[in-house]
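# Remarks on the overall topology
If you want the building blocks of each chain, they are given just below.
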Amino acid sequence: EADIYQTPRYLVIGTGKKITLECSQTMGHDKMYWYQQDPGMELHLIHYSYGVNSTEKGDLSSESTVSRIRTEHFPLTLESARPSHTSQYLCASRDLGNTEAFFGQGTRLTVV
Amino acid sequence: QKEVEQDPGPLSVPEGAIVSLNCTYSNSAFQYFMWYRQYSRKGPELLMYTYSSGNKEDGRFTAQVDKSSKYISLFIRDSQPSDSATYLCAMSVGTDSWGKLQFGAGTQVVVTP
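Attention here is on the structure that accompanies the text. Quick caveat: nothing in here was measured; it's all calculated off a predicted structure. (Residues numbered from 1 in each chain as written. Chains lettered and ligands numbered in written order. Predicted model: local features only at pLDDT ≥ 70, side-chain atom pairs only at ≥ 80, totals over all residues. Heavy atoms only, no water.)

### Observations concerning the overall build of chain A
- The secondary structure content of chain A amounts to zero helices and 11 strands.
- Over its C-alpha trace chain A gives a radius of gyration of 13 Å, about what one expects of a compact globule, namely 13 Å for 112 residues.
- For the C-alpha atoms alone, the extent of chain A along its principal axes is close to 40 × 30 × 25 Å.
- When the 112 residues of chain A are sorted by exposure, 48% land in the buried category. (Helix = DSSP H or I, 4+ residues; strand = E, 2+ residues; numbered from the N terminus. Rg over C-alpha atoms; globule rule 2.2 N^0.38 Å. Buried < 20%, exposed > 50% of the residue type's maximum accessible area, 1.4 Å probe, protein only.)

Now the structure itself:
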């Protein structure tokens, strides 16, 4: 079982609120990723990180931001949530050798 | 055109049948290939990982990679209702230091008792 954790699992929040989705892994992986997935749709990469202090935007434009201050921690922040941000957010990690990528259970965000 | 193509299904099979899933891709630089299973409202769970061409077997699951045809497959033998899920293929290039994965759209599989 993969040691990558996301909190919260579910979040319902009002428009305009600031939120942070947490992602932590205990495998010592250097590479971490955030994907966005709408119901029945494919995964879209929104952010990735190669290591501490290294972050890049992914293929899908997102208003969220990320930080990587510690290897094990890769939080995603929305400064002002909107209904269009309603989605499932999935965090993944992978080691330097490009072997298997492991996913967390996801955070299902609903902005009302 | 997408880099990774996968039939979204749904694919419905009776219990005990063999499930055959596949993906095609266009980027010949892909070297790492993965299959994930995703239940509704859950994160993807890694099923199989292969590097370069060849076959890999793990219990009821067999993964095949044919790089010459840019085609990968996943076979599930003796399918069970608990195998009902969406199956995602994913792949990445070897020289990409970022290790970004390209995903297929996922195939929904329904195994009926």
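From this point, things continue past the structure.
### Structural notes on the nonpolar core
Residue and element names in this part refer to chain B.
- The biggest cluster of nonpolar side chains holds 24 residues, and the ones touching the most others in it are Trp 35, Ile 72, Leu 74, Tyr 87 and Met 91.
- Top contributing element to this core by residue count: strand β9 (residues 85-93), with five residues.
- The residues touching Tyr 87, leaving out its near neighbours within four places in the chain, are Gln 6, Leu 21, Tyr 36, Arg 37, Leu 47, Leu 74, Ile 76, Gly 106, Thr 107 and Val 109. (Core = buried A, V, L, I, M, F, W, Y, C linked by side-chain atoms within 4.5 Å. Contact = heavy atoms within 4.5 Å.)

### Topic: the pairing of strand β5 (residues 45-51) of chain B
Residue and element names in this part refer to chain B.
- Of the strand pairs in this sheet, strand β4 (residues 30-38) and β5 are connected by six bridges, and their pairing is antiparallel. Bridged to Tyr 36 within β5 is Leu 46.
- Here β4 folds back onto β5 in antiparallel fashion, the turn holding six residues, of which Arg 41 has a positive phi close to 65°. (Pairing = 2+ DSSP bridges.)

### Some remarks on the interface of chain A and chain B
- Of the residues lining the interface, 28 residues belong to chain A; the matching set on chain B comes to 25 residues.
- Remark: the boundary between chain A and chain B carries one salt bridge.
- Linking Glu42(A) and Lys2(B) is a salt bridge whose minimum nitrogen-to-oxygen distance equals 2.9 Å.
- Between the two partners, chain A and chain B, sit five residue pairs in polar contact (both at pLDDT 80 or more).
- Contributions of two or more residues to the side of chain A that touches chain B are made by β4 (31-37), β5 (44-51), β6 (54-57), β9 (87-94) and β10 (101-103) of chain A.
- Classifying every residue of the side of chain A that touches chain B by side-chain character gives 11 nonpolar, nine polar and eight charged. (Salt bridge = Lys/Arg side-chain N within 4 Å of Asp/Glu carboxyl O. Polar contact = N/O pair within 3.5 Å; in protein donor to acceptor, adjacent residues only side chain to side chain. Nonpolar A, V, L, I, M, F, W, Y, C, P; charged D, E, K, R; others polar.)

### Brief notes about the sheet that holds strand β8 (residues 76-78) of chain A
All names here are of chain A.
- Read from one edge of the open sheet, four strands run β1-β3-β8-β7, paired in antiparallel fashion. What marks the edges here is a single partner per strand, and that holds for β1 (4-7) and β7 (65-66).
- In the sheet, β7 pairs with β8 via two bridges, with the strands oriented antiparallel. Within the sheet, the bridge partner assigned to Val 66 lies in β8 and is Leu 76.

### Observations regarding the sheet that holds strand β3 (residues 19-25) of chain B
Residue and element names in this part refer to chain B.
- The sheet built from five strands is open, its strands ordered β1-β3-β8-β7-β6 with antiparallel pairing. Strand pairing shows two members of the sheet lacking a second neighbour, β1 (4-6) and β6 (54-58), which therefore form its edges. On average, each strand axis in the sheet is inclined to that of its neighbour by 15°, with strand direction left out of account.
- Bridging between strand β7 (residues 61-66) and strand β8 (residues 71-76) involves six bridges; their strand directions are antiparallel. (Axes fitted to C-alpha atoms, helices over the stretch in contact; angles between N-to-C directions.)

### Describing the environment of Ser12(B)
- Note that Ser12(B) resides in strand β2 (residues 11-14).
- Contacts of Ser12(B), omitting those with residues within four sequence positions, involve Val110(B) and Thr112(B).

### Considerations on the packing of aromatic side chains
- Enumeration over the complete set of coordinates arrives at 10 aromatic pairs over all chains.
- Residues Tyr35(A) and Phe103(B) carry aromatic rings whose centres are separated by 5.3 Å and whose planes lie at 85° to one another, so their mutual orientation is edge-to-face. Here Tyr35(A), found in strand β4, pairs with Phe103(B), found in strand β10 (residues 102-103), and the two come from separate chains.
- Exposure remark for Phe103(B): the relative accessible area of 7% places this residue in the buried category.
- Relative to Phe103(B), the ring of Phe103(A) has its centre 5.8 Å away and its plane inclined at 70°; by these criteria the two rings are edge-to-face. Taken together, the positions of Phe103(A) in strand β10 and Phe103(B) in strand β10 put the pair across two chains. Each of the two residues, Phe103(A) as well as Phe103(B), counts as buried.
- Each residue in the set Tyr33(A), Tyr35(A), Phe103(A), Tyr36(B) and Phe103(B) is aromatic and connected to the rest through ring pairs, giving one cluster.
- Cation over ring: Arg68(A) sits above Phe74(A), and NZ or CZ is 5.8 Å from the ring centre. (Phe/Tyr/Trp six-rings, centres within 6.5 Å; stacked < 30°, edge-to-face > 60°. Lys NZ or Arg CZ within 6 Å of the ring centre and 35° of its normal.)

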